[in-house]
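Each chain is listed here by its residues.
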Amino acid sequence: MNYMDKIKESIRYIKEKTKMKPSIGLILGSGLGSLGERIKNPTIIEYKDIPNFPISTVKGHKGQLIIGQLGDKDVIAMQGRFHYYEGYPLDEVVFPIRVIIGLGIKNLIVTNAAGGVDESFKPGDLMIINDHINFTGQNPLRGKNLEELGPRFVDMTLSYDKALIALAKNIGGKLNISLKEGVYMWFTGPTYETPAEVKLARTLGASAVGMSTVPEVIVATHQGIKVLGISCITNMAAGVLDKPLNHEEVIETSLMVKDKFEKLVIEILANM
Ligand code: HPA
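The present account deals with the structure reproduced in this document. (Residues numbered from 1 in each chain as written. Predicted model: local features only at pLDDT ≥ 70, side-chain atom pairs only at ≥ 80, totals over all residues. Heavy atoms only, no water.)

**Some details on the overall build of the protein chain**
Right, on to step 1. Of regular secondary structure, the protein chain possesses seven helices and nine strands.
Right, on to step 2. Taking 272 residues into account, the globule formula puts the C-alpha radius of gyration at 19 Å, and the protein chain, at 17 Å, falls close to it.
Right, on to step 3. Dimensions of the protein chain, computed from C-alpha atoms along their principal axes, come out at roughly 50 × 40 × 35 Å.
Right, on to step 4. Of all 272 residues assigned to the protein chain, the portion counted as buried reaches 56%.
Right, on to step 5. The contacts in the protein chain between residues at least 6 apart in sequence include a share of 82% that link residues at least 24 apart.
Right, on to step 6. Only carbon and sulfur atoms are counted for the fraction: they give 52% of the accessible area of the protein chain, which is about 11,900 Å².
Right, on to step 7. Each charge sign in the protein chain was given a centre, from 31 positive and 30 negative side chains, and these centres are 4 Å apart. (Helix = DSSP H or I, 4+ residues; strand = E, 2+ residues; numbered from the N terminus. Rg over C-alpha atoms; globule rule 2.2 N^0.38 Å. Buried < 20%, exposed > 50% of the residue type's maximum accessible area, 1.4 Å probe, protein only. Contact = heavy atoms within 4.5 Å. Areas by Shrake-Rupley, 256 points an atom, 1.4 Å probe, with all protein chains shown as cover. Lys, Arg positive; Asp, Glu negative; His and termini not counted. Charge placed at Lys NZ, Arg CZ, Asp CG, Glu CD.)

**Thoughts on the packing of helix 3 (residues 95-102) against helix 6 (residues 214-222)**
Right, on to step 1. In contact at an axis separation of 9 Å, helix 3 and helix 6 are set at 35 degrees when each is read in the N-to-C sense. Every pair of crossing elements has a handedness; the one defined by helix 3 and helix 6 is right-handed. Two secondary-structure elements touch here, helix 3 through Ile 97, Arg 98 and Ile 101 and helix 6 through Glu 216, Val 219, Ala 220 and His 222.
Right, on to step 2. Across the contact of helix 3 with helix 6, the residue classes tally to four nonpolar, one polar and two charged. (Axes fitted to C-alpha atoms, helices over the stretch in contact; angles between N-to-C directions. Left-handed = near helix turned anticlockwise from the far one by under 90°. Nonpolar A, V, L, I, M, F, W, Y, C, P; charged D, E, K, R; others polar.)

**As for the environment of Glu 252**
Right, on to step 1. Counting through the fold element by element, Glu 252 comes out in helix 7 (residues 247-270).
Right, on to step 2. Judged by relative accessible area, which is 54%, Glu 252 ranks as exposed.
Right, on to step 3. Separated by 17 residues in the primary sequence, Glu 252 and Asn 235 have C-alpha atoms spaced 9.8 Å apart.

**Observations regarding the packing of aromatic side chains**
Right, on to step 1. Applying the stated criterion across every chain, the model contains seven aromatic pairs.
Right, on to step 2. Considering the side-chain rings of Tyr 47 and Phe 53, the 5.3 Å spacing of their centres and the 45 degrees angle between planes classify their relative orientation as tilted.
Right, on to step 3. Look at Tyr 47 and Phe 82: their rings are 5.3 Å apart centre to centre, the planes differ by 40 degrees, and that puts the pair in the tilted class. With Tyr 47 in the loop between strand 2 (40-46) and strand 3 (64-70) and Phe 82 in the loop between strand 4 (73-79) and helix 2 (90-93), this pair connects stretches of sequence that are 35 residues apart.
Right, on to step 4. According to the relative accessible area criterion, Tyr 47 is buried, its value standing at 1%. (Phe/Tyr/Trp six-rings, centres within 6.5 Å; stacked < 30°, edge-to-face > 60°.)

**Focus on unusual backbone geometry**
Right, on to step 1. Residue Gly 189 is joined to Pro 190 through a cis peptide bond whose omega torsion reads 5 degrees.
Right, on to step 2. Along the chain, the position of Pro 190 falls in the loop between strand 7 (179-186) and helix 5 (195-203).
Right, on to step 3. A positive phi angle, close to 75 degrees, is found at Asn 52, a residue other than glycine.
Right, on to step 4. Structurally, the position occupied by Asn 52 is in the loop between strand 2 and strand 3.

**Concerning the nonpolar core**
Right, on to step 1. Ranked by size, the top nonpolar core spans 87 residues in total, and within it Ile 14, Leu 26, Leu 65, Leu 108 and Ile 230 carry the most contacts.
Right, on to step 2. Apart from the residues lying within four places of it in its own chain, the contact partners of Leu 65 are Ile 14, Thr 43, Ile 44, Ile 45, Tyr 47, Ile 50, Phe 53, Ile 76, Ala 77, Met 78 and Ile 100. (Core = buried A, V, L, I, M, F, W, Y, C linked by side-chain atoms within 4.5 Å.)

**Re the packing of helix 4 (residues 162-174) against helix 7**
Right, on to step 1. One way to put it is that helix 4 packs onto helix 7 with a least axis distance of 9 Å and a crossing angle of 125 degrees. For the element pair helix 4 / helix 7, the angle class is oblique. Here helix 4 and helix 7 pass one another in a crossing that is right-handed. Across from Leu 167, Ala 168, Ile 171 and Gly 172 in helix 4, the residues of helix 7 making contact are Leu 264, Glu 267 and Ile 268. (Parallel < 35°, antiparallel > 145°, perpendicular 65-115°, else oblique.)

**Observations regarding the pattern of salt bridges**
Once their charged atoms are close, side chains differing in charge can pair, the charge on each being opposite to the other.
Right, on to step 1. A complete count under the given rule lists twelve salt bridges for this structure.
Right, on to step 2. One salt bridge in this structure joins Arg 38 and Glu 262, with 2.7 Å as the shortest N-O distance. Here the residue Arg 38 occupies a position in the loop between strand 1 (24-28) and strand 2, and Glu 262 occupies one in helix 7, the gap between them amounting to 224 residues.
Right, on to step 3. For Arg 38, a relative accessible area of 37% puts it in the partly exposed group.
Right, on to step 4. On the basis of relative accessible area, Glu 262 is assigned to the buried category, the value being 3%.
Right, on to step 5. Lys 48 serves as the salt-bridge partner of Glu 46, at 3.5 Å between the closest nitrogen and oxygen. (Salt bridge = Lys/Arg side-chain N within 4 Å of Asp/Glu carboxyl O.)

**Some words on the site of the ligand**
Right, on to step 1. Around the ligand sit Ala 113, Ala 114, Gly 115, Tyr 192, Glu 193, Val 209, Gly 210, Met 211, Thr 234, Asn 235 and Val 250, and those are all the residues in its vicinity.
Right, on to step 2. Interatomic distance of 3.3 Å between a backbone N/O atom of Ala 113 and a nitrogen atom of the ligand.
Right, on to step 3. Contact between the ligand and Thr 234: a nitrogen atom at 3.5 Å from a side-chain N or O atom of the residue.
Right, on to step 4. Here the ligand has 260 Å² of accessible area as a free molecule, and 95% of this is covered by the chains.
Right, on to step 5. Secondary-structure elements contributing two or more residues to the shell around the ligand are strand 5 (107-116), strand 8 (208-210) and strand 9 (226-236).
Right, on to step 6. Ranked by residue count, the leading element in the shell around the ligand is strand 5, at three residues.
Right, on to step 7. Among the residues forming the shell around the ligand, the class breakdown is six nonpolar, four polar and one charged. (Near = heavy atom within 4 Å. Polar contact = N/O pair within 3.5 Å; in protein donor to acceptor, adjacent residues only side chain to side chain.)

Dropping the structure here:
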């Protein structure tokens, strides 16, 4: 079966499970998945049951779609995502994004855990992504263009929607949640960056580094979907502080931040 047919088959399967037509997609990053539990009247579909879906392998990541209501909005949340470092080719990494876009979402909120590069950041900060740097040399749109989904050459100027950024900042102000803003730089992982790479990232204009999100934002942009990106700064990136970092710290911080994060996203949704 070709890629387009696989997407369509997955969409058909999901449509058999729910009548809901979500208008907003949510990708919940490491340790941020619990927002999915707040979704009302949920239809939960495990990735392993969806034809053609890859299966997630990371600790702290579930692998399921949750379709239901958050406030007055119909949403579809991905609890768990696929990463390039897990070994999937990028067309598999972004496959679920193609599917949820095919289900009719118009906006996508992508979240992740990221390392803080900007020295004014601290662990536990939330950063609105206003741009990204693809530092991997990889691109999910490489290969034959899927003409029915979007153009061959994609303008990334407005990938991170200005109005959604303004809305997020406005809500942050109202809720007294301090928000950082900056550029997210994608490394393949699974190694964390070296201190020298973090220095380079800062020199090149990055505020945070991470191992996800960029491929998803690229395909969303390809299909004309508006994106809001939020990074949870779970740790200072390597070499910023005089201490080593580890995955446990990443999960711990994201769990500490989750109430603030959930409040923010729910209020943003209510105003979208
Ligand atoms: N680097 C890359 N990815 C990450 C980090 C980091 O420091 N923290 C959480 N995800």
